[in-house]
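As a plain string of letters, each chain reads:
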Amino acid sequence: GNAQKASEYFERSLKLFQSINNGRGAALAQTVLGGTHSLLGEEQIALTLHKKAGEYFSIVGNKQGEAAALNGVARAYQNLNEYDAALYNFDRALNLYEEIGARGSVALNKFLIGRVFYLKGETAKARMFYQQSLDLSRLVGDQVVEAHSMKGLGTVYFSAGDVALALTQFGVALDIYRKLGNRRSEAYVLNDIGHIQAASQRLPEALTNFQQALLLMRDTGDRNGEALTLFNIAKVEWSRGNLTAALQLIQDSIAIGESLRTKINNSQLRTSYFASVHQQYELYIDVLMRLHNQYPDRGYAINALLASERVRARSLLDSLLSEKIESRGIPSADLLFRQQELLRTLDEKAEYQARLLAGKHSLEEAEKLSREIESLTIEYQAARAQLRVQSPRRAILTQPDQ
């Protein structure tokens, strides 16, 4: 169904349960609503809802509910590319499911853990968990998890170079998803199949599967999936030399990614999410420069420059936000305060730059803002260097302020 409509429905349910002080009903609604917001790409809201639900279930001793909430937390972290946090929460949920003997849920969580290991590049561990999930899902007769596990194994086989076996796994998973009416999972496996076809230069077939996946992503309201699929289609059009089509597709993909990123309040999570869309900007700039070579008088080079500036500023801010100097024992509190103020100002400037470059603007406006960011960066680096001189033992790298 439509995720936005579902979100509105569950929001009303949550308010109703809260109005009658039904804690269990509210926690259940928060869990489902959190999953819906995650589907919409609103991970900050999802995290808050799942954590609240988990706290309630933990207090009342409902291990099933607590495990479901932990899975929601883990999925949100996974979507934000915080893989260690995702693994931690998936593993906690797995332990709870094992305690209560919920074998179907154990099978699902083994798949979920395998997927995070795959995303981390640890394919041996991923394969082990996928296989365990597949064996258990077949034992308990859960076809959905069986299809998930086969799809996961397909990605491992493809990464190992066994294209034929990967396609076989994807094909079986696709048949199960279609039989069960699981359209969102169908969309993702169509992306996997299209990816293999594109890598094999079977571009028309890849395009067909990506386009089918895009319709399903939009129909189910999966914004992250929509951005991914638009990017995949853009790459195919780029490979076919259809640069104008590729340009529009990659712009649409980036627009979704930027929209989702601005809904994340935590600066560390925002930078983690931005890192995952960096390759979209690389393709965008490449398309613009190729179009400039064909049509040098249409302003494509300027747009490429502005896009490059956006990436540079965001990457710079990510680097700065990854550093914080511990406050205890610092001889100059004023200098520490100044450093933190500069970081906040840089964050605000970067956000403004993203909005500016996404809309109508002049090259002069973009360059002026770029100079301001550069000046702030130099000032920040000077403050940081001075603090390191005053208290080198306290100049440690940790996480950014929340």
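Residues numbered from 1 in each chain as written. Predicted model: local features only at pLDDT ≥ 70, side-chain atom pairs only at ≥ 80, totals over all residues. Heavy atoms only, no water.

### Let's talk about the overall build of the protein
Then step 1. Along its length, the protein carries 18 helices and zero strands.
Then step 2. Out of the 402 residues belonging to the protein, those deemed buried represent 49%.
Then step 3. For the protein, long-range pairs separated by at least 24 residues make up 61% of all intrachain contacts whose partners lie at least 6 apart in sequence.
Then step 4. When the accessible surface of the protein is split by element, carbon and sulfur atoms take 51% of a total near 19200 Å². (Helix = DSSP H or I, 4+ residues; strand = E, 2+ residues; numbered from the N terminus. Buried < 20%, exposed > 50% of the residue type's maximum accessible area, 1.4 Å probe, protein only. Contact = heavy atoms within 4.5 Å. Areas by Shrake-Rupley, 256 points an atom, 1.4 Å probe, with all protein chains shown as cover.)

### Here's the deal with the confidence of the model for the protein
Then step 1. Per-residue confidence for the protein gives a mean pLDDT of 83; residues scoring 70 or more make up 81%.
Then step 2. Mean pLDDT values for the elements of the protein range from 56 in helix α14 (residues 267-276) up to 97 in helix α7 (residues 123-140).
Then step 3. Below pLDDT 50 for its whole length, residues 324-331 participates in 25 contacts with residues either more than four positions away or in separate chains.
Then step 4. Counting interchain partners and residues more than four positions distant, the pLDDT-below-50 stretch residues 393-402 has 25 contacts. (pLDDT = per-residue confidence, 0-100.)

### Some words on the environment of Lys-5
Then step 1. Among the secondary structure elements, Lys-5 is positioned in helix α1 (residues 3-19).
Then step 2. The spacing of Lys-5 and Thr-36 is 31 residues in sequence and 9.6 Å in space, taken between C-alpha atoms.

### Concerning the side chain of Asn-191
Then step 1. Tracing the sequence through the fold places Asn-191 in helix α10 (residues 183-199).
Then step 2. Excluding residues within four positions of it along the chain, Asn-191 makes contact with Phe-210, Ala-213, Met-217, Leu-228, Thr-229 and Asn-232.

### Here's the deal with the packing of α10 against helix α12 (residues 223-239)
Then step 1. The N-to-C vectors of α10 and α12 enclose an angle of 20°; their axes lie 11 Å apart at closest approach. Here α10 is positioned roughly parallel relative to α12, judged by the angle of their axes. Here α10 runs over α12; the crossing is left-handed. Counted together, Tyr-188, Asn-191 and Ala-198 of α10 and Asn-224, Gly-225, Leu-228, Thr-229, Asn-232 and Val-236 of α12 form the full contact between these two elements.
Then step 2. Grouping the constituent residues of the contact of α10 with α12 by class yields four nonpolar, five polar and no charged. (Axes fitted to C-alpha atoms, helices over the stretch in contact; angles between N-to-C directions. Parallel < 35°, antiparallel > 145°, perpendicular 65-115°, else oblique. Left-handed = near helix turned anticlockwise from the far one by under 90°. Nonpolar A, V, L, I, M, F, W, Y, C, P; charged D, E, K, R; others polar.)

### Points about a nonpolar patch on the surface
Then step 1. Taken together, the side chains of Ile-302, Leu-305 and Leu-363 present a nonpolar region at the surface, about 220 Å² in accessible area.
Then step 2. Inspection of the secondary structure assignment puts Leu-305 in helix α16 (residues 300-321). (Patch = residues over 30% accessible without salt bridge, like charges linked within 9 Å, V, L, I, M, F, W, Y side chains within 5 Å. Salt bridge = Lys/Arg side-chain N within 4 Å of Asp/Glu carboxyl O.)

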